[in-house]
Amino acid sequence: MDIPIFILAGLLVHCVFLVSIFDIYFSSPLVHGMTPQQTPLPPPAKRLVLFVADGLRADSLYELDSNGTPRAPYLRGILENNGSWGISHTRVPTESRPGHVALIAGFYEDVSAVAKGWKENPVEFDSVFNESKYTWSWGSPDILPMFAKGATGDHVYTFCYAAESEDFGAEDAAKLDIWVFDHVKSFFNSSRSNETLFSALNEEKVVLFLHLLGIDTNGHAHRPNSREYQENIKQVDEGVKEIASMIDNFYGNDGKTAFILTSDHGMTDWGSHGAGHPSETLTPLIVWGAGVNYPQKVTSQFFEDNFLKEWKLENLKRLDVNQGTLPVEYLNSSAHFKAESMFTNAVQILEQFKVKMNQKKETTLSFLFTPFNELQQHSHSHCSKLLLKCFVCLQVFLCKTLINLALDGLSYYHTYDRLFLGLSIAVGFVGWTTYVILVIIKTHTNLTKTVPTNKKKSAVLFYSFASAGMIIVFFLLIQTCPWTYYIYCLLPVPVWYAVVREIPVIQDLATNVLSLHVGQSVGFLLISILAVEILVLSFFYRSALTVGLLVFAVWPVITQLWVQAKTKALIWTLLCVLLAIFPLMPVVGRDPNIPLVIAAGLLTLLISCFSLASLCKSENKYRDNEDLKVYFYQMFSVALSTYVVSSTHNSLKNKQGLPVMNQIISWMILVSSPVLLLLSPTFLFQRLFSILLSLMSIYLLLSTGYEALFPLVLFGLMFVWVNMEQEALQHYGLSRKPKLAFFNFTYAMDITQFRQLHLDDIRRSFFFVFFIVTAFFGTGNIASINSFDPASVYCFLTVFSPFMMGGLLLLKVAIPFVLVSCAFEAVQVTTQLSSKRYKGLFMVFFFFQVFFLYSANLYFSLTFLMSLSCSISHYVLVMSLTIFMMVMNGLAQLLTTQRLGLPRRTKHHST
């Protein structure tokens, strides 16, 4: 197969592997086509007031101050004297939209909504707002419109402030909550002179929704333990008190208003959310008013945590709930009403179960269909008759049991094809990995010999696999499977066909392997397995990178390279040890340290001065003094970035917002740095030096702490790596030793200079993949959403903009990756090996890594021993990395080989 076709095929296969995970695990959980069910008894409340304090942690609300006083005295008084309380358990991803959907619509969000920025509904869904007579809502433009858009009719009204108000650099984000409270007060005041509005407000089934974003914004900007965050809680407490009193007075204290205060998600100590840490998933729930139980005194209650003692609430019954479920323990209603409510809830879920079961039954061959035996199809009518004959207390118990069974059944049919699809993808993985290895061995080594093709056997082989493909198509067709199933199931056919065609290569390889010394073969196999396992473990435990780097540190000693290059070996060891420190440090953003960012900028300038001095003293006849100006401009950009970071931090610290001039300078540096890079010479040392300066000027603007030092140490190690690889090549007698200063990226494309693969090239490939993983995980766990700190982009913008902020954060993640990729291009130049051959090698290592991760994911999902979301996020990350590598390899070639030509002044000499 030609190299371009091979790369294109690899890209397509990887895209299929990446998309497959969303089909297998992230398909929409919604079920349509059920008959609506309603409780026949009238509700105890005519209206509901829902307060959602975005980003409010349970402990932040319930715990007492250092002096023993509550942070929210009004709400504390409610849960002690007037209502019920507990903890609401959210689910990953702990973001605003999924949390609100669970609260208001009663289901966990369709993950595909993330592709639309959580702002649109990929699948229409019902909600409490849609079922109300009227709903009025106030708050963020990111949350309110999605519930109004999907509502039937014109009865859900939204009042939003401007998106520009969501400013992390604002003087006080609590103004967002004050805006909501003020507008609610104005709304009710205006209704007294508006008969239509007054009449609508006095209808039944009215919902008033107050979305309070100030706490979340202050948490991002100042952290949950800050004075701003805690003061915002007090302001929300006071605002809730005023609104509740006003509404009770408006309705003449008729006792028909129910109040709920809760949160969509919590927040980590470092001001982020999105993952499954308890600080993110545990949110407060306080309910009072019509139909709600009063506080229940208890002598003892058991929970696995120690919150009750910490919060001084041991004697008040704690009622925990999951977002989206009916908590009957909160209801102060008759036993009959509770039983009817539970029965209606059970019937609703049973209807979903029946629809889901029938859908799966219609698309599965009868002899292959395996029903959910714990809940038969006749359960609905059978349970209805049974419940009517039972006592009320037994009805509630049976309904809970039935709901749990129905939910298990829904999950069973929702994941019915998961094992089948997962195995198909796994077979494709193994086949593609095997094929890549065979192509590398056949094309770039001397381990195999050319064998003439047997046309008769080839034809039989082709028709055999073609027949298998037709059988699969027929099998899927009669079951009316989605079109994506055809791709996942048919992909292994051509892949394994290509593998079987290379049987002679496999035979030659087996012969060569068997001829090797057993001890050497076993040793090489064990080392390879250990190396791959370290890569896999690094995705779960960052400390595994430290272990790997410490092993790298002694590599020159093991291979005797230190004998011929003592200084370089010593520097290599020192930099490996320094880089090994970073994975042991806390995740970026948890402990901001601007002085370290400034120190990194000054250190970059210091290194630049020494490098320029060395360059000026060099005897490189190709050096042009005009090119030195480019480096001075880049150094000025680094100095400017250092100043902007310091100035912006001080301005935000003093609550003066983001200075406009700093914002303009930041964007100018972001745009100009790549241009300056491409103006520098393409000689190896000079271009790598220019790449460092350009990327560091951007990275400094995106740094908040120690991570600013990471690219410096990483680049230093990469530059020494280039030198060490040249030494290794000479050590094995594969090349002479020219000076690195004379290497030019643009002259490295001569195919005659390329050589065959050597065993040491596998080691180089592994080094590259390991450094790539180190670049991604060295300063944080980017597989976890809460590892991203919005403070990193404050030099560019402070107003909430998910796509812009996300893009800048991904740029920050990519910069160390680009440094490694460019260094690898330099390794290819100095070792005279085609980049296309190295592409195959690092693809092999990535395939092994993906296969191990996917196998672990499949195993754990079958045995229910670990959180599925964790392993899936790692799978998506590795798969994305592999695709990203192909794209970034081209970018690295662009950054190292291309140069922008500018007109130069012509020197005139007088005669």
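Rules used throughout
Residues numbered from 1 in each chain as written. Predicted model: local features only at pLDDT ≥ 70, side-chain atom pairs only at ≥ 80, totals over all residues. Heavy atoms only, no water. Helix = DSSP H or I, 4+ residues; strand = E, 2+ residues; numbered from the N terminus. Buried < 20%, exposed > 50% of the residue type's maximum accessible area, 1.4 Å probe, protein only. Core = buried A, V, L, I, M, F, W, Y, C linked by side-chain atoms within 4.5 Å. Contact = heavy atoms within 4.5 Å. Phe/Tyr/Trp six-rings, centres within 6.5 Å; stacked < 30°, edge-to-face > 60°. Pairing = 2+ DSSP bridges. Axes fitted to C-alpha atoms, helices over the stretch in contact; angles between N-to-C directions. Disulfide = S-S within 2.5 Å. pLDDT = per-residue confidence, 0-100. Salt bridge = Lys/Arg side-chain N within 4 Å of Asp/Glu carboxyl O. Polar contact = N/O pair within 3.5 Å; in protein donor to acceptor, adjacent residues only side chain to side chain. Patch = residues over 30% accessible without salt bridge, like charges linked within 9 Å, V, L, I, M, F, W, Y side chains within 5 Å. Areas by Shrake-Rupley, 256 points an atom, 1.4 Å probe, with all protein chains shown as cover.

Structural notes on the environment of Phe 302
Its place among the elements puts Phe 302 in the loop between strand 7 (282-289) and helix 12 (307-311). Here Phe 302 falls in the exposed class, since its relative accessible area comes to 72%. Residues Phe 302 and Glu 314, spaced 12 residues apart in sequence, show a C-alpha to C-alpha distance of 9.6 Å.

A closer look at the nonpolar core
Phe 552, Trp 572, Trp 721, Phe 770 and Phe 771 are the most contacted members of the largest nonpolar core, which totals 104 residues. Element by element, the count of residues in this core is highest for helix 31 (residues 802-831), at 15 residues. Setting aside residues up to four positions removed in sequence, Phe 770 forms contacts with Ile 534, Leu 535, Leu 545, Gly 548, Leu 549 and Phe 552. In this structure, Phe 188, Leu 201, Ile 215 and Val 236 belong to the second largest nonpolar core, which totals 50 residues.

Some words on the packing of aromatic side chains
Applying the stated criterion to the full structure yields 56 aromatic pairs. A centroid spacing of 6.0 Å and a plane angle of 20° characterise the contact between Trp 136 and Tyr 157, whose relative ring orientation is stacked. You can see Trp 136 sitting in strand 3 (residues 134-139) and its partner Tyr 157 sitting in strand 4 (residues 156-160), a full 21 residues away along the chain. A relative accessible area of 4% means that Trp 136 is categorised as buried. Measuring from ring centre to ring centre gives 5.0 Å for Phe 250 and Tyr 251, while their planes differ by 80°; the resulting arrangement is edge-to-face. Classification of Phe 250 by relative accessible area gives buried; the value is 10%. Residue Tyr 251 is classed as buried on the basis of its relative accessible area of 7%. Joined through ring pairs, the aromatic side chains of Tyr 134, Trp 136, Trp 138, Tyr 157, Phe 159, Phe 187, Phe 188, Phe 198, Phe 250 and Tyr 251 make up one cluster.

A closer look at the environment of Gly 778
In this structure, Gly 778 sits in the loop between helix 30 (759-777) and helix 31. Residue classification places Gly 778 among the buried positions, given a relative accessible area of 0%. For Gly 778 and Leu 579, which are 199 residues apart along the polypeptide, the C-alpha to C-alpha distance reads 8.2 Å.

Some thoughts on unusual backbone geometry
Positive phi is not limited to glycine here, since Lys 205 has a value of about 60°. Within the secondary structure layout, Lys 205 lies in the loop between helix 8 (195-201) and strand 5 (206-212). Backbone geometry places Lys 312, a non-glycine residue, at a positive phi of 60°. Looking at the secondary structure, you find Lys 312 in the loop between helix 12 and strand 8 (321-322). Judged by relative accessible area, which is 55%, Lys 312 ranks as exposed.

Some remarks on the sheet that holds strand 6 (residues 257-262)
Pairing is mixed across the open sheet formed by 8 strands, whose spatial order is 4-3-5-1-6-7-2-8. Edge positions in the sheet fall to strand 4 and strand 8, since each has one partner strand and no second. When strand 2 (residues 83-89) meets strand 7, the two strands line up antiparallel, connected through 7 bridges. Along strand 7, the bridge assignment pairs Ser 88 with Thr 283. Each of strand 3, strand 4 and strand 5 touches helix 7 (residues 175-191); the most contacted strand, strand 5, lies at about 155° to it. Most of the contacts of helix 10 (residues 227-250) go to strand 6, to which it runs at about 170°, and overall it touches strand 1 (47-53), strand 5, strand 6 and strand 7.

Concerning the state of the cysteines
Applying the stated criterion across every chain, the model contains 0 disulfides. Cys 489 provides the cysteine sulfur closest to Cys 481, a residue in no disulfide bond, and the two sulfurs are 7.3 Å apart.

Things to note about helix 22 (residues 543-553)
Along helix 22, the positions that sit buried rather than exposed are Ala 544, Leu 545, Thr 546, Gly 548, Leu 549, Phe 552 and Ala 553. Of the surrounding secondary structure, the elements contacted by the buried residues of helix 22 are helix 21 (518-538), helix 23 (555-558), helix 24 (566-581) and helix 30.

Remarks on the confidence of the model for the protein chain
On average, the protein chain scores 83 in pLDDT, and the residues at 70 or more come to 84%. pLDDT under 50 marks residues 847-870. Its contacts with residues more than four places away, or in other chains, come to 55 contacts.

Here we look at the pattern of salt bridges
On inspection of all chains with the given rule, the structure shows 18 salt bridges. For Asp 305, the salt bridge is made with Arg 318, and the minimal N-O distance between the two is 2.9 Å. Within this pair, whereas Asp 305 is found in the loop between strand 7 and helix 12, its partner Arg 318 is found in the loop between helix 12 and strand 8, the two being separated by 13 residues in sequence. Among the salt bridges present, the one from Lys 568 reaches Glu 727, with a minimum N-O distance of 3.1 Å.

Examining the pairing of strand 6
Where burial is concerned, most of strand 6 is hidden: 5 out of the 6 residues are buried. As defined by bridge partners, strand 1 adjoins strand 6 across 6 bridges and the pair is classed as parallel. Each residue of the ladder has a partner; that of Val 52, found in strand 6, is Thr 262. Summarising the sheet, strand 6 and strand 7 pair through 5 bridges and their orientation is antiparallel. Residue pairing across strands places Ile 260 opposite Val 287, the latter belonging to strand 7.

Description of the side chain of Asp 177
Take Asp 177: it is sitting in helix 7. Polar contacts involving the side chain of Asp 177 include one to the side chain of Asn 232, which spans 3.0 Å. Apart from residues lying up to four places away in sequence, Asp 177 is in contact with Leu 212, Leu 213, Gly 214, Ile 215, Asn 232 and Val 236.

So, a nonpolar patch on the surface
Judged by side-chain polarity, Val 547, Val 551, Val 554, Val 557, Ile 558, Trp 562 and Val 563 come together as a nonpolar surface patch covering roughly 610 Å² of accessible area. Listed by contribution, the elements that provide at least two residues to the nonpolar patch are helix 22 and helix 23. Here Val 551 is to be found in helix 22.

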